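Each chain, written out:
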Amino acid sequence: MKNSIINMRLLLLLMGVFGCLNVAISQSKETVVSGIIVSEDKQPIEGVTIYGPNIKHVTTNEQGEFEFKINLSSGVMFEKEGYEPLMMNGSEVAGEIVMHKAEFLMSAKDEVNLGFSTKKKKEIVGSVASVKPADFLTYDNTQWVRSAIEGRMLGVKGSANIRGIGDAMVVIDGIPGRNMDYLNMDEVDEITILKDANAVALYGTQARNGVIVITTKKGELYKNDAQVNINYSFKEPIALPQYLGAVEYMELYNVARTNDGELPLYESTLIEAYKNQNNPYKYPDVDLYSNDYLRSSTYALDVVTQFSGGNDKLLYYVNLGWNRDGTLEKLNADASKGNNRFNVRGNIDFKINSFIKSSIGVLSVINVNQVANQSVYSVGTSLKPNDYAPFIPASLVNTVDYPELESELAAANLYEGYLLTTSLASGLNAPVADMIAGGDKRYINQTSQFNNSIDFDLSGITDGLSAKTYLSFDFYDASTKSRKNEYKVYYPTWLENEIVGLDTYGIDKKDLTENVSTRDFVSRAGFYGQLNYIKDIGVNHHLDATLLGYANNTSVNGEIQDEKNAHAGMHLGYRYKQKLLVDFNGNYANSIKFKEGKKGAFSPTLGVAYVLSEEAFLSNSEVLNYLKIRGSAGMIHSDMGISDYFLYQTIYGQGATFGWDDGNRSNRVTQLSQVGNPDIGYEKRNDINLGFEALMLKSLWMEFNAFSSEIVDQVDVLVNQYPSFYSSFRPSSNFNEDKYSGFELGMNYSKSFGDFKANIGGNLLYTKSEKTKRDEVYEFNYERRQGTSVEAYWGLMADGFYGVNDFDANGELREGIPSSSWTEVMPGDIRYVDNNNDGTIDSNDREVIGNWTNPFSYGLTLNLSYKSFNLFVLGTGQTGGEGNLSNNYYRVDGSDKYSEIVRGHWTPETADIASYPRLSSKKDNHNFQNSSFWLYDNSYFKINRAQLTYEFNKKVCSKLGLKKLSMNVSATNLLHLSKSKDIRELNIGSTPQYRHFSAGLRTTF
């Protein structure tokens, strides 16, 4: 909290400095100026926006004319999409002013932040995808960075996995490891995905899986804006778990016991009483997912306000955000309040002198999630419907015939007229009572960030020379504040339909102390410095070079060893006539995980691109307007996959105690804990990328990349290289190798037909992985991991169920039918394939049964506009993989609560249509082995978001004193197409997935 307060004070101070400067400027003498803006062919340009001190809402008319007041010594900027921005002094603004059209992919809008540098799209060599939220937030008002990435950005599976290799490193404002979930989209200026080795090389060892670079907004010269975005969502759960009611549960549990040769637990008269339901408190049928415990819907609210602008001395940006997320749980409204997140960001850029400028960025985020001590979602997975009624009306207690109960009742804390109850077996372990009376927990996450950069223009030394330093400090604090009340619960004694006795457990006592505990504390300090050089040699040749040094240290509470990353980076770029592009990027890494002499490693990469459309044979093509081909190759050394720090050292420890001197004395055995490998070194990513990007018919954009990444020298303990009795004598070694390959294809079609505009986009990613090298010795080929997918599921292949005819009259398996090594099987148990034909099903029969990731993933966008209306739809999908039913909702074991899944259980009568093994009241070590029986098709297509937007025209906005105004209605998770839809949409034991219906307003003034 202290860090957050400091950041807030610093932010307010910087805003005050800006205010003073702004007031001083506004008091300057102003003069009316006018003129006309024309293109290079002398045609007037309509809609040019003009910015300057105190200039508001000024654009050129149809004749390109303008008029405004300005101090003649102030600067003026002219902007229009498709043209190069024009900066002039106020004294120069007069008469005819010429604006030049921007070269394709070389305008200011085409600038892409690559982390340590900024380049125009045409100049980029590596495989990079980039998006600026300002281009889509009006018609796609998502406030989450992950949802903005998914389906929109080429080469990303989901929201963070680049090309299937693994989750990428996230870099926010130059610092890796920051959490993008704490950003709202309105504060994001750009999201860039760096995919191939050439693009990520400057980020060193942490960049093995690719990099997501997120840049937050800064103030823009003379663009003084205030923006407000309000979005209110009504949200309802898409699916909730469906468990059996009391009667059906008791009947099927009796079946389970009968299958086990046991007597039924529930007598028929008791089941009949539950059926009649003449007393739901004595014969309860509890469903914690019903409207008695959960609301049918709840809400979410997002409010974001941002202020930006500045002048030639200081630029500022401030973002204030509030997110309120309601909860469905309604038993204890005072405890279950849902989630609140507050964020404040400030970015200030200012000039120190003519050649030094600096920036300061501050962020404070406080996230508070207040919940009861127990959650309906988790308790609902285990509390059986017939266990007991969690609360009963006090009016059912017979105090007339049993006056001794009157004092007990008078002293009881009632919940809306109800007694909190328990069962004889549960006693004080009454989770529903704990929800109501047990107190609450507040999970508090606080993030504070501070960063400062200083830019040096060193052209006084030599033209094109510059330098930059960047320093950051991050603090992340996760704590819990809780109150744990003691409370009294009751076990009733019934006489007919009246309560004639109450056994009590516990006492009523409020916790007057707020208990505070730290769940996690992380501090991070980062620094990098870079020296840049840019040089044009004649007209055709361009050189750019960068040298950088980078260091990052992360300390985690409870961990002795800090995570330290340091490397030096180098970039050398060459451009010939805007068509031949060459990039050499490399880094020299240093890792503390290896011994001296092994700590350093050089990672070189090379990328080449050629803009073929600049050649004479294509330059005038009416079909192919732009074509760039590219290729890159390189190696990235990484220690990301190595979790331990001292694998190069041999470590001894103390073992068991032994006695000597006739038992009068004792010592501890010194034993070997780890054998060191002094040759342990970096893992490596060897990378090749080939691709092209093209524009056809001035409407169809295409981008394609084929890639191959080999992750070699992965660290593992080589069991088969040493005798089995070596045990702890086996050192870790660089050995394993994996390969990831595939392709990505992106297409976007944009066309206008009068007032109607259409923009249709799509992207496809295919990834394939293979374990290309493993230390293994197996008797049979099907057991070998080498040659199989990295994401393979290993398990038994299901082959239906054992049938009645598989057993003889004595219940023994017939000859030729494999038995189980885990238990004695019965009819209705899952039958598995005996791969080695030894007559016994065991771990030696495991094989590849599926793939836990989908090799194909894709995204589709539709953006249609007519006059002031806009319709946007985003759909995503994946196909080709499987999911695994692993929790007790699906694998109902022994006395677990029964879900609707067990209705398909095997019986002799349903043997041909059964979808579930026979029921059993005992722990099952056979049916619940990992097998293909529990896999499901995880392919899907869903419509993530759809939004209808209305943008008010300039005339209306001007009357309201606004620059822009739009209103929208939207929905999320509208459609889900999948063979396994019911499984995919269901969360067990946690907050459900929601369908949102939202209304929003966005304005700029």
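Every value quoted in this text rests on a predicted model; they were computed, and no experiment measured them.

**Student:** How would you explain the sheet that holds strand E10 (residues 128–131) if you had to name every residue and give the values?
**Tutor:** Here we have five strands laid out as an open sheet, ordered E10-E15-E16-E13-E14, and mixed in their pairing. Each of the sheet's edge strands pairs with one partner strand only, and the pair in question is E10 and strand E14 (175–176). By the bridge criterion, two bridges tie strand E13 (residues 169–172) to E14 in an arrangement that is antiparallel. Looking at E14, one finds that Ile172 is bridged to Ile175.

**Student:** Any chance you could break down the UniProt feature "domain: TonB-dependent receptor plug" (unreviewed entry) in the protein for me, citing the residues and the numbers?
**Tutor:** Under the feature "domain: TonB-dependent receptor plug" (unreviewed entry), the UniProt entry names residues 150–211. Structurally, residues 150–211 comprises 6% helix and 29% strand, and the distance from its first C-alpha atom to its last is 15 Å.

**Student:** Now, about the nonpolar core: what can you tell me, with residues and values included?
**Tutor:** Nonpolar side chains tend to gather and get buried jointly when the protein is soluble and globular. Judged by nonpolar contacts, the single largest core of 56 residues is most densely connected at Leu288, Tyr293, Leu331, Val432, Tyr898 and Val902. Breaking this core down by element, the ones donating at least two residues are helix H4 (246–259), helix H5 (268–276), helix H6 (376–379), helix H8 (431–437) and strand E43 (830–832). The leading source of residues in this core is H4, at seven residues. Setting aside anything within four residues of it in sequence, one finds Val432 in contact with Leu288, Tyr293, Leu331, Leu383, Pro390 and Phe391. Counting residues in hydrophobic clusters, the runner-up holds 25 residues, among them Val170, Leu183, Val188 and Ile212.

**Student:** Tell me about the sheet that holds strand E7 (residues 95–98), and please be specific about residues and values.
**Tutor:** Sheets are built from strands paired through backbone hydrogen bonds, the pairs being either parallel or antiparallel. Taken together, three strands build an open sheet; the order of strands is E4-E1-E7 and the sheet is mixed. If you trace the sheet from one side to the other, it starts and ends with strand E4 (65–70) and E7, each paired once. Recorded for the sheet is a direction-independent mean angle of 40° between the axes of neighbouring strands. Relative to E7, strand E1 (residues 31–38) runs parallel, the two being bridged by four bridges. Looking at E7, one finds that Ile37 is bridged to Ile97.

**Student:** Account for a nonpolar patch on the surface, with residues named and values stated.
**Tutor:** A cluster of nonpolar side chains, namely Tyr232, Phe234, Leu974, Leu975, Leu977 and Phe997, defines an oily patch on the protein surface of about 530 Å² accessible area. At the level of secondary structure, the elements contributing two or more residues to the nonpolar patch comprise strand E17 (225–237) and strand E51 (964–977). Per-element accounting of the nonpolar patch gives the leading share, three residues, to E51. As for its position among the elements, Phe997 is in strand E52 (residues 994–1004). Among the residues examined, Phe997 registers a relative accessible area of 34% and is labelled partly exposed.

**Student:** I'd like to hear about unusual backbone geometry, residue by residue, with values.
**Tutor:** For Arg163, which is not glycine, the phi torsion reads 60° and is therefore positive. Relative to the elements of secondary structure, Arg163 occurs in the loop between strand E12 (161–162) and E13. In this structure, Asp713 is a non-glycine residue whose phi angle is positive, near 60°. Examined against the element boundaries, Asp713 turns out to sit in strand E37 (residues 700–717).

**Student:** Which residues make up the pattern of salt bridges, and what values go with them?
**Tutor:** Counted under the stated rule, the structure contains 43 salt bridges. Note that Arg1002 and Asp186 form a salt bridge whose closest N and O atoms lie 2.8 Å from each other. Of this pair, Arg1002 sits in strand E52 while Asp186 sits in the loop between E14 and strand E15 (188–194), placing them 816 residues apart in sequence. The pair Arg1002 / Asp186 is uniform in exposure class, with both members buried.

**Student:** With reference to specific residues and values, describe the packing of aromatic side chains.
**Tutor:** Going through the model one piece at a time under the given rule, you end up with 40 aromatic pairs. Geometrically, the ring pair formed by Phe743 and Tyr766 is tilted, given 5.7 Å between the ring centres and 35° between the ring planes. In this pair, Phe743 is assigned in strand E38 (residues 732–753) and Tyr766 in strand E39 (residues 756–773), connecting sequence segments 23 residues apart. The exposure class of Phe743 is partly exposed, given its relative accessible area of 28%. Of the residues examined, Tyr766 reaches a relative accessible area of 22% and is grouped as partly exposed. An aromatic cluster is defined as three or more aromatic residues linked by ring pairs; in this entry it consists of Phe692, Phe704, Phe743, Tyr766 and Phe856.

**Student:** Outline the environment of Val171, listing residues and values.
**Tutor:** Locating Val171 in the fold gives a position in strand E13. Taking the C-alpha atoms as reference, Val171 lies 10 Å from Ala207; in sequence the two are 36 residues apart. The residues contacting Val171, other than those within four sequence positions of it, are Pro176, Tyr203, Val211, Ile212, Val213 and Ile214.

Criteria and cut-off values
- All residue numbers refer to positions counted from 1 along the written sequence of the respective chain.
- It should be noted that, the model being predicted, local features are given only for residues of pLDDT at least 70 and side-chain atom pairs only at 80 or more, the latter also being counted only at that level, while totals for whole chains, interfaces and linings use all residues.
- Side-chain metrics in this entry use all non-hydrogen atoms of the structure; hydrogen atoms and water are not considered.
- In this scheme, strands are said to pair when DSSP sees at least two bridges between them.
- The numbering of helices and of strands both runs from the N terminus, where a helix is a DSSP run of H or I of at least 4 residues and a strand a run of E of at least 2.
- UniProt positions are given in the numbering used here, feature names are shortened, and annotations may be inferred rather than shown by experiment.
- We define a nonpolar core as any set of buried Ala, Val, Leu, Ile, Met, Phe, Trp, Tyr and Cys residues linked to one another through side-chain atoms lying within 4.5 Å.
- For every residue, the accessible area (1.4 Å probe, protein chains only) is compared with the maximum for its type, and the residue is labelled buried under 20%, exposed over 50%, or partly exposed between those bounds.
- We call two residues in contact when some of their heavy atoms are within 4.5 Å.
- The axes used here are C-alpha line fits, helices contributing only the stretch in contact, and every angle between their N-to-C directions lies in the interval 0 to 180 degrees.
- Each patch is built from salt-bridge-free residues with over 30% relative accessible area, joining like charges within 9 Å and nonpolar side chains (Val, Leu, Ile, Met, Phe, Trp, Tyr) within 5 Å.
- Accessible surface area values rest on a Shrake-Rupley calculation with a 1.4 Å probe, where residue burial reflects the displayed protein chains alone.
- A carboxyl oxygen of Asp or Glu within 4 Å of a side-chain nitrogen of Lys or Arg is what we treat as a salt bridge.
- We call Phe, Tyr and Trp rings a pair once their centres come within 6.5 Å, taking the six-membered ring for Trp, and we label the pair stacked below 30 degrees between planes, edge-to-face above 60, and tilted otherwise.

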